[in-house]
Amino acid sequence: MKAAILYTSLTGNTRKAGELIAGNLQQEGWGITTVCPLNGLEMGGIQDADMVIVGTWVHGLFVVGQAPWNLGAIANLPPMRGKLSASFCTFALNPGKSLDKLDRALSQVGTEVIGGLALHRAKLEEHTEEFAARLVANTPARA
Ligand SMILES: Cc1cc2nc3c(=O)[nH]c(=O)nc-3n(C[C@H](O)[C@H](O)[C@H](O)COP(=O)(O)O)c2cc1C
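Residues numbered from 1 in each chain as written. Predicted model: local features only at pLDDT ≥ 70, side-chain atom pairs only at ≥ 80, totals over all residues. Heavy atoms only, no water.

**Student:** Explain the pattern of salt bridges here, please?
**Tutor:** Using the criterion set out here, one finds three salt bridges in the structure. Residue Lys16 is joined to Glu125 by a salt bridge in which the shortest nitrogen-to-oxygen separation is 4.0 Å. Placement of Lys16 in helix α1 (residues 13-27) and of Glu125 in helix α5 (residues 124-138) is noted, with a sequence separation of 109 residues between them. Between Arg134 and Glu130 there is a salt bridge; the shortest N-O distance is 2.9 Å. Here Arg134 and its partner Glu130 are both found in helix α5, four residues apart, which amounts to about one turn of the helix. (Salt bridge = Lys/Arg side-chain N within 4 Å of Asp/Glu carboxyl O. Helix = DSSP H or I, 4+ residues; strand = E, 2+ residues; numbered from the N terminus.)

**Student:** I keep staring at the site of the ligand and nothing clicks. Help me out?
**Tutor:** For the ligand, the set of nearby residues contains 19 residues, the closest of which are Ser9, Leu10, Thr11, Thr14 and Val58. Contacts to the ligand include Val58, whose backbone N or O atom sits 2.6 Å from an oxygen atom. Protein chains bury 84% of the 640 Å² of accessible surface belonging to the ligand in isolation. Sorting the residues of the shell around the ligand by element identifies α1, β3 (51-59) and β5 (84-91) as the ones contributing at least two each. Here the shell around the ligand takes three residues from β3, the largest share from any one element. Across the shell around the ligand, the residue classes tally to eight nonpolar, ten polar and one charged. (Near = heavy atom within 4 Å. Polar contact = N/O pair within 3.5 Å; in protein donor to acceptor, adjacent residues only side chain to side chain. Areas by Shrake-Rupley, 256 points an atom, 1.4 Å probe, with all protein chains shown as cover. Nonpolar A, V, L, I, M, F, W, Y, C, P; charged D, E, K, R; others polar.)

**Student:** Help me understand α5 in this model?
**Tutor:** Every α-helix carries 3.6 residues per turn, so stepping three or four residues along brings you back to the same face. Taking 1.5 Å as the rise per residue, α5 with 15 residues should run 21 Å; its terminal C-alpha atoms sit 21 Å apart, in good agreement. Of the residues making up α5, those classed as buried are Leu124, His127, Thr128, Phe131, Ala132 and Leu135. The buried side chains of α5 occupy one side of the element, clustering within an arc of 135° when seen end-on. In α5, the exposed residues that point more than 90 degrees away from the buried face are Glu125, Glu126, Glu129 and Ala137. The elements touched by buried residues of α5 are α1, β3, β5 and β6 (112-120). (Expected span 1.5 Å × (residues − 1). Buried < 20%, exposed > 50% of the residue type's maximum accessible area, 1.4 Å probe, protein only. Arc of directions from axis to C-beta. Contact = heavy atoms within 4.5 Å.)

**Student:** Explain the environment of Leu124 here, please?
**Tutor:** Within the secondary structure, Leu124 is located in helix α5. Between the C-alpha atom of Leu124 and that of Leu93, which follows or precedes it by 31 residues, the distance is 14 Å. If we ignore the near neighbours within four places in the chain, the residues touching Leu124 are Asn13, Lys16, Ala17, Leu20, Thr90 and Leu119.

Okay, here's the thing in structure tokens:
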């Protein structure tokens, strides 16, 4: 399986999470075609990937109004029909319904959504390992 990891990050947690996920998936034998920010997409890497993994951070009023940052940019990614997708978001207190919103945005660009996970910013290593393990376990094999 080849994955492209796209992220947006203000203070670095989500970028770090993306890099950790890339390392974890590589250990499982996956190829990583790119780890790039949403505002600097590497189109070749995205094209070569079977799966796009999109990560962002939760913003809001901590217990209400939470949403994934840059959701509009995610919903407006180039059409990616035929690719699988998964999402993650980093958060401090409570991610609210951020993952559902990410799933919807990724469906909108034509991908088949496998799932997502909210990663606590203080537990990035543990939670990125869990995310990668779940992805590997839940991704259908492709011919
Ligand atoms: C303006 C702002 C609003 C935030 N709102 C929330 C929130 O509503 N709920 C939450 O759990 N975390 C919230 N956070 C915490 C971030 O989601 C968390 O620190 C995240 O890991 C930041 O990712 P980054 O380092 O990639 O920018 C907020 C952070 C900022 C700067």
